[in-house]
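# A look at the structure
For reference, the chains in residue letters:
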Amino acid sequence: MIRSIFLNVIEISVFSSFFIVIMLLISKKLKSKYTNRLMYIVWLFMAIRLAIPFNISIPIINIPSNIEISEESTENFNSLDYGVYEYNTNSNTYSENSIASENISNTETKEPINILSFIPYIWLLGVIICFSLYIFSHISFKRMIKRWREPISDANILDIYINLCNEMNITKRPKIFICKILPSPLCTGIFKNEIYINSQDLSGIKLILAHELTHCKRKDILYKLILIIGKSIHFFNPLVYIMTKQAEKDMELYCDETVIKNCSIDERKEYSITILNTVKSSLKNPVLTTGFSSDKETLKMRFSNILDTKVKKRGIILMIVLSLLGVSGGIFVSCKSKETNTETTQEQYIQNLYDLKTPYIGNASAVGSIYNSLEYSNVYQQETELFTTENEPYGVLKNFATEKIDSIDEKEFVKNSVVILTLIDNCDFVKSRICAEDGAELTYTLTRDNAQLQFGNFKVNFDDKESYEKYIENTWERIDNDYYVIERENEKTSSVALIDEILEDKGDRVRAEYKYHPNYTQLLKMGETACWDFIDYFRGTTTDGDKEYIMMKICRENYPNTYNIGDIGETQYESGREWFNDYEEQLKRYSFGEPFHSFGVVDKAIQNIYEDKYKDLEGGYTVTNIYVIHLPEKIAENQEALYVAPIAGYFVMEDNTFKAIKLEKIPCRLTFDITDNKNPVLIKYEEFSENNKNSIDEEVYKELENMFNYYEEDKSDAFEYEIRQFMKDNNIKATTVEFGNYIYK
């Protein structure tokens, strides 16, 4: 998160610098034609923009770490390393030919350090120090004036003050004091304003009080606080300091302008003399105060402004335009690169990648170019480690940083890993390690053998850009449809580690109180990933105790795939190991093939069946939704079946209503040939009714009926959602959806 905010700040600061320079150049011209209110408002919006370090939309910026040059000795390559490190996988040392000449011969590999990664934290420290100095200065000043201030003793001053508040419609009057050590009258207090005068001389007191009350009425102390926040966040930008100083001057000019509005030239002269007589020194006003103190140049400018009787325009439209430019400019910059990216088609993107092909993993420059060309979301690219020893396997480990592990798109990493394997001829594996700011860490690994088993032989599938493009597009489509397997390592916040923390915190009370631990909520957020982590743990151990009990309870209470299987659904277990043993026994009856479990396979089969049944109907659409009540059951060699409760309807458009003219709920059994487990083929479809329900187990038929009853109890929300999604996908516009007894607006 710190890195993301820092990048936003840099982006905002760069744009703001251009805007500030332009405004400073034209401000004199603007002030000759328009009131000081224009610049007062423009600087306010600019300050707000600087104080909010966020953009509506900002692309992730990858910062390459140009730290070191690597050399692949076996292929005689010399190339620039884009943040790429070369490691010896046998001895865990740097390659002998790497220019990094450190002698590392220990059993532990040093983690390369990316110096640039510390810059956001240095910036944050600077912000804290800068803002703290302003706040401490303000606190110190407040303590000082509280020590030396006195109540106003002159009744005439109080009468003038009260009458002024009434004239200016100020119902909540600020407290007023005298403090003789102040260089000039001033106003302070962010939320509760206080006015201080440095003399009880009646000459000009009305104008002085009117000046400070104007500051109070406009909340100018809050204005100055926003300026300070912006200046602290952009402490490294000198133009922001210049803008802040100018904004404070324009604030005083606008206040003077308001006080002397409709005054005669003699009254204006009197006001100028009052300012001159009241200011005891040219000391700078304390932080978070408004006062008369000014340097000589500023006083001259104020007097010139006060004595200027020319009628000036308000410039409302110009003020709005300039303010919007100041606020939204950074957003336009952040969107620009995205718009540019969208101009590149997928075809061009893939063909551009093809130009980066290299035969060797040791070509650090080529590897860096490939990674810099790949698109990643919600991560920052960091160091790269190359494994290029004489003994295979050769490979690459790329480090990434992110705000939250949950924001990672796994499919994106699989796709990019395939691209890397296809572009680097002797690369045997691709590892992607993602580290989050909260310490969570996740590693994805795709090996060449595993990738080619899933997606085909790389060298056979493409010899030119066109064949490569076709191969990559087909592969990405399979990945989008969840037809892939990738090794995952969740090293620091694994499900099992979260259970260990619950055990440690709850002790003897763990069985009764595990649900009240924050880790339990985190495990639920991890979804079925946690469930399968626990299953893997059971398979790799033989222990039994509280740890296994909690794992069993979480699996059974939250994930039907481990509960509603065979005969163990209703059985009560006090031993996690006993439950798991029964679970494994039940699984022997069922297939656990990866893609066959995807509901997409079953959804497509049911959709095809009902489209064929409704083929004689015209002018409408077939929509289906299913519930599968069991895992696939093996019924013969390479054949599996499962029972499904589908609901299907044929819909037409009538008077802006998407209406079902045919609706069916028929329990059925689907039998698949899984000789090719990646592409199961439907070979048999059986419908069941009262007439032939004896051909299946009575409990199974009852369960299918119960599933349809669930539709009724749930008011068919699941089917309605499926219909809405179908309408969206097919661009069907309707104000009402109607099927059976259900009507949805």
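Because the structure is a prediction, the values reported are computed rather than measured. (Residues numbered from 1 in each chain as written. Predicted model: local features only at pLDDT ≥ 70, side-chain atom pairs only at ≥ 80, totals over all residues. Heavy atoms only, no water.)

## Focus: the pattern of salt bridges
- Scanning the entire structure with this criterion turns up 24 salt bridges.
- We note a salt bridge from Arg302 to Glu252, for which the minimum N-O separation is 3.8 Å. Pair noted here: Arg302 is in helix α9 (residues 296-307) and Glu252 is in helix α7 (residues 238-259), with a separation of 50 residues, a long-range link.
- Taking the relative accessible area as the measure of exposure, Arg302 reaches 1% and is therefore buried.
- Under the relative-accessibility criterion, Glu252 is labelled buried at 8%.
- Between Asp546 and Arg511 there is a salt bridge, with the nearest N and O atoms lying 2.7 Å from each other. A residue pair is termed long-range when its members are at least 10 positions apart, and Asp546 in helix α21 (residues 546-558) and Arg511 in helix α18 (residues 510-513) qualify at 35 residues.
- Exposure remark for Asp546: the relative accessible area of 31% places this residue in the partly exposed category. (Salt bridge = Lys/Arg side-chain N within 4 Å of Asp/Glu carboxyl O. Helix = DSSP H or I, 4+ residues; strand = E, 2+ residues; numbered from the N terminus. Buried < 20%, exposed > 50% of the residue type's maximum accessible area, 1.4 Å probe, protein only.)

## A short note on the packing of helix α6 (residues 220-233) against α7
- At a closest axis distance of 10 Å, the pairing of α6 and α7 adopts a crossing angle of 170 degrees. In terms of orientation, α6 lies roughly antiparallel with respect to α7. In this structure, α6 uses Asp220, Tyr223, Lys224, Leu227, Gly230 and Lys231 to contact α7, whose residues at the interface are Val240, Tyr241, Met243, Thr244, Ala247, Glu248 and Met251.
- When the residues that make up the contact of α6 with α7 are grouped by side-chain class, the tally is seven nonpolar, two polar and four charged. (Axes fitted to C-alpha atoms, helices over the stretch in contact; angles between N-to-C directions. Parallel < 35°, antiparallel > 145°, perpendicular 65-115°, else oblique. Contact = heavy atoms within 4.5 Å. Nonpolar A, V, L, I, M, F, W, Y, C, P; charged D, E, K, R; others polar.)

## Brief notes about a nonpolar patch on the surface
- Together, Ile10, Val14, Phe18 and Phe236 line one region of the surface with nonpolar side chains, adding up to about 360 Å² of accessible area.
- Counting through the fold element by element, Ile10 comes out in helix α1 (residues 2-33). (Patch = residues over 30% accessible without salt bridge, like charges linked within 9 Å, V, L, I, M, F, W, Y side chains within 5 Å. Areas by Shrake-Rupley, 256 points an atom, 1.4 Å probe, with all protein chains shown as cover.)

## Looking at helix α2 (residues 37-51)
- Taking 1.5 Å as the rise per residue, α2 with 15 residues should run 21 Å; its terminal C-alpha atoms sit 21 Å apart, in good agreement.
- Of all the 15 residues making up α2, twelve are buried; the element is thus mostly covered by neighbouring parts of the structure.
- Here α2 has its buried residues at Leu38, Met39, Tyr40, Ile41, Val42, Trp43, Leu44, Met46, Ala47, Arg49, Leu50 and Ala51. (Expected span 1.5 Å × (residues − 1).)

## So, the side chain of His138
- Mapping His138 onto the fold places it in helix α3 (residues 119-148).
- A relative accessible area of 11% places His138 in the buried class.
- Among all residues touching His138, those that are not within four sequence positions of it are Thr188, Val287 and Leu288.

## Looking at unusual backbone geometry
- Even without a glycine there, the phi angle at Lys219 is positive, about 60 degrees.
- By the element assignment, Lys219 lies in the loop between α5 (205-217) and α6.
- Owing to a relative accessible area of 47%, Lys219 belongs among the partly exposed residues under this scheme.
- A positive phi angle, close to 55 degrees, is found at Asn731, a residue other than glycine.
- Exposure remark for Asn731: the relative accessible area of 57% places this residue in the exposed category.

## Description of the pairing of strand β16 (residues 633-636)
- Looking at chain direction, β16 and strand β17 (residues 639-654) are connected through three bridges and run antiparallel. Residue Glu633 lies in a different strand from β17, and its bridge partner there is Ala641.
- Here β16 folds back onto β17, and the loop between the two strands holds two residues, one of which, Asn638, carries a positive phi near 65 degrees. (Pairing = 2+ DSSP bridges.)

## Some details on the packing of aromatic side chains
- This structure, assessed with the given rule, holds 27 aromatic pairs.
- With centroids separated by 4.7 Å and ring planes inclined at 50 degrees, the aromatic side chains of Tyr376 and Phe400 adopt a geometry described as tilted. Of this pair, Tyr376 sits in the loop between α12 (364-373) and β10 (380-387) while Phe400 sits in strand β11 (residues 395-402), placing them 24 residues apart in sequence. There is no split in this pair, since Tyr376 and Phe400 are both buried. (Phe/Tyr/Trp six-rings, centres within 6.5 Å; stacked < 30°, edge-to-face > 60°.)

## Some details on the confidence of the model for the protein chain
- Confidence in the prediction of the protein chain, expressed as mean pLDDT, is 79, and 81% of residues score 70 or more.
- Within the protein chain, strand β2 (residues 77-80) has the poorest average pLDDT of any element, 33, and helix α13 (residues 410-423) the best, 93.
- Across residues 57-114 the pLDDT falls below 50, and counting only partners more than four positions away or on other chains, this stretch makes 128 contacts in the model. (pLDDT = per-residue confidence, 0-100.)

## Some points on helix α11 (residues 346-354)
- Listed as buried for α11 are Tyr349, Ile350, Gln351, Leu353 and Tyr354.
- Each element contacted by the buried residues of α11 is listed here: α12, α13 and α16 (465-480).

## Digging into a negative patch on the surface
- On the surface, Glu347, Asp463, Asp464 and Glu466 cluster together into a patch of negative charge.
- Looking at the element boundaries, Asp464 is found in the loop between α15 (458-461) and α16. (Lys, Arg positive; Asp, Glu negative; His and termini not counted. Charge placed at Lys NZ, Arg CZ, Asp CG, Glu CD.)

## Digging into a positive patch on the surface
- On the surface, Lys146, Lys172, Lys175, Lys192 and Lys219 cluster together into a patch of positive charge.
- Structurally, Lys146 is set in helix α3.

## Here we look at the nonpolar core
- With 44 residues, the main nonpolar core has Tyr371, Leu374, Val396 and Ile420 as its most contacted residues.
- Elements with a minimum of two residues in this core: α11, α12, β11, α13, β12 (429-436), β13 (441-447), α14 (448-455) and α16.
- Per-element tally for this core: the top contributor is α13, with seven residues.
- Beyond its immediate chain neighbours, meaning those up to four positions away, Leu374 contacts Tyr349, Leu353, Gln381, Asn416, Val419 and Ile420.
- Membership of the second largest hydrophobic core comes to 33 residues, among which are Ile170, Ile197, Ile260 and Phe303. (Core = buried A, V, L, I, M, F, W, Y, C linked by side-chain atoms within 4.5 Å.)

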